[in-house]
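Descriptive structure summary
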Amino acid sequence: MIIKVPLYAVPCVAVALLGCALSTPATAQDSSPWQQGSHAAVRLLAGSRSGAVLLGGIAFQLEPGWKTFWRTPGDSGVPPRFDFSRSDNVDAVTVLWPAPSKFPDGAGGHALGYKEQIVLPLRIAATNAEKPITLRATVNFAVCAKLCIPAEATMELAFASVASAEDSALAAALDMVPKPARIGDPNPLTIRDVRRDEKSTVIVDVATSNPRDEVNLFVEGPTPDWSLPIPTRHEHAPRGVKRFSFKLDGLPANANAEGAALKLTLVGDKSAYEFNINLN
């Protein structure tokens, strides 16, 4: 079982490589040792052992001024890739993604990702709930300041605790994952309307209970090879509405936007939501 995210083109210069393999056997602890490298450290977290589906996490600690990327990195960057295939008694791993931040990429565009520290929650399905579980992960990612450095960390961790010391950290990370929503839901932050402007532009109207909130909107295509641009915020919009638009650029060869399944991620100061739509 391998979870992979395709590599995106990155304009930064790769100058170093982080590669720290854990050579000692996994022990019954709630976190693996930090894998320390250039400008970043990574470790695994284990939640409480209960039933066939467990909660874990991958924790990143970044030096000041450095960042790593979301599953869709924006105008430039490299999303993390994960390999859990060497795990024991693990049937499947789902990576959950806390809402990202948007920041200048140094090349006139914007990158989407995380600074300082972040935990990516993992939902881990055991093959046999009665047997021991050891998660082994290889993570390939990039850390960037003015330059981007490719990095790799290999870790392992046994899940054994009835009450894990990492439960609160994992719960906090889950709270940062955007919640599923539908257009028009009466949430404090919601998408009110999505429509086409002619054939090449999509307009998205957002409503928020606090007009002073900073709001960002991100869009993803039905497959990772869609490279849709980051939506642009309009300076002028109807009262009570924050309006965004994006061009239907970056589609794979021979792809058709009509009826395409898009994911819209709406991020505010205190909440974030994901909307799945079919483009009309």
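Conventions used here
- Residues numbered from 1 in each chain as written.
- Predicted model: local features only at pLDDT ≥ 70, side-chain atom pairs only at ≥ 80, totals over all residues.
- Heavy atoms only, no water.
- Helix = DSSP H or I, 4+ residues; strand = E, 2+ residues; numbered from the N terminus.
- Rg over C-alpha atoms; globule rule 2.2 N^0.38 Å.
- Buried < 20%, exposed > 50% of the residue type's maximum accessible area, 1.4 Å probe, protein only.
- Contact = heavy atoms within 4.5 Å.
- Areas by Shrake-Rupley, 256 points an atom, 1.4 Å probe, with all protein chains shown as cover.
- Lys, Arg positive; Asp, Glu negative; His and termini not counted.
- Charge placed at Lys NZ, Arg CZ, Asp CG, Glu CD.
- Phe/Tyr/Trp six-rings, centres within 6.5 Å; stacked < 30°, edge-to-face > 60°.
- Pairing = 2+ DSSP bridges.
- Salt bridge = Lys/Arg side-chain N within 4 Å of Asp/Glu carboxyl O.
- Axes fitted to C-alpha atoms, helices over the stretch in contact; angles between N-to-C directions.
- Disulfide = S-S within 2.5 Å.
- pLDDT = per-residue confidence, 0-100.

Observations concerning the overall build of the protein
Helix and strand content of the protein: one helix and 21 strands. Computed over C-alpha atoms, the radius of gyration of the protein comes to 20 Å, within 12% of the 19 Å expected from 2.2 N^0.38 for 280 residues, which places it in the range of a compact globule. If you line up the protein on its principal axes, its C-alpha atoms span 60 × 40 × 40 Å. When the 280 residues of the protein are sorted by exposure, 51% land in the buried category. Contacts in the protein between residues at least 24 apart in sequence constitute 68% of all its contacts with a sequence separation of at least 6. For the protein, the exposed area adds up to about 13,800 Å²; of that, 50% sits on carbon and sulfur atoms. Averaging the locations of the 27 positively and 28 negatively charged side chains of the protein gives two centres separated by 3 Å.

Comments concerning the packing of aromatic side chains
If you walk through the whole model with that rule in mind, you get four aromatic pairs. Here F60 and F141 contribute two aromatic rings whose centre-to-centre distance is 5.2 Å and whose plane-to-plane angle is 80 degrees, an arrangement assigned as edge-to-face. Of the two residues, F60 sits in strand β5 (residues 53-62) while F141 sits in strand β12 (residues 133-144), which places them 81 residues apart along the sequence. Residues F60 and F141 agree in their burial class; the two are buried.

Concerning the side chain of T190
Within the secondary structure, T190 is located in strand β15 (residues 189-197). With relative accessibility at 8%, the residue T190 sits in the buried group.

A short note on the sheet that holds strand β16 (residues 201-208)
Spatial ordering of the open sheet is given by β15-β16-β19-β18, a layout of four strands whose pairing is antiparallel. Here the strands that pair on one side only, and so sit at the sheet edges, are β15 and β18 (232-233). In this structure, β16 lies alongside strand β19 (residues 242-247), joined through six bridges in antiparallel fashion. Across the sheet, V202 pairs through a bridge with F246, a residue of β19.

Some thoughts on the pattern of salt bridges
By the definition in use, this model includes ten salt bridges. The closest approach of N and O atoms between R196 and E258, which form a salt bridge, is 3.4 Å. Taken together, the residues span a long stretch of sequence, with R196 in strand β15 and E258 in the loop between β19 and β20 (261-267) at a distance of 62 residues. In this structure R196 comes out as buried when scored by relative accessible area, which is 19%. Taking the relative accessible area as the measure of exposure, E258 reaches 42% and is therefore partly exposed. Through salt bridges that share partners, R71, E220, K263 and E274 make up one connected network.

Section: the sheet that holds strand β21 (residues 272-278)
The pairing of strands in a sheet comes from backbone hydrogen bonds and takes either a parallel or an antiparallel form. With mixed pairing, the four strands of this open sheet are ordered in space as β14-β21-β20-β17. Two strands close off the open sheet at either side, each with one partner strand: β14 (179-181) and β17 (216-220). In this sheet, adjacent strand axes meet at a mean angle of 25 degrees when their direction is disregarded. As paired strands, β17 and β20 are joined by five bridges and run antiparallel to one another. Following the sheet pairing, V219 is matched in β20 by L264.

Some words on the state of the cysteines
Applying the stated criterion across every chain, the model contains one disulfide. Bridging C144 to C148, the disulfide has an S-S length of 1.7 Å. The sign of the 105 degrees torsion about the S-S bond sets the C144-C148 disulfide as right-handed. Neither C144 nor C148 differs from the other in exposure class; each is buried.

Here's the deal with the pairing of β20
Burial analysis of β20 places five of its seven residues in the buried class, which makes it a mostly covered element. Bridge count between β20 and β21: seven bridges; the pairing is antiparallel. Each bridged residue has a counterpart across the sheet, and for K263 the counterpart in β21 is N276. Turn length for the β20-β21 hairpin, with the two strands adjacent in sequence and antiparallel, is four residues.

Thoughts on the confidence of the model for the protein
Mean pLDDT for the protein: 88, with 90% of residues reaching 70 or above. Per-residue pLDDT, averaged within each element of the protein, yields its smallest value for strand β1 (residues 2-3) (36) and its largest for strand β7 (residues 81-83) (98). Here residues 1-28 is a poorly scored stretch, pLDDT under 50, and it has 87 contacts once near neighbours within four places are set aside; other chains count.

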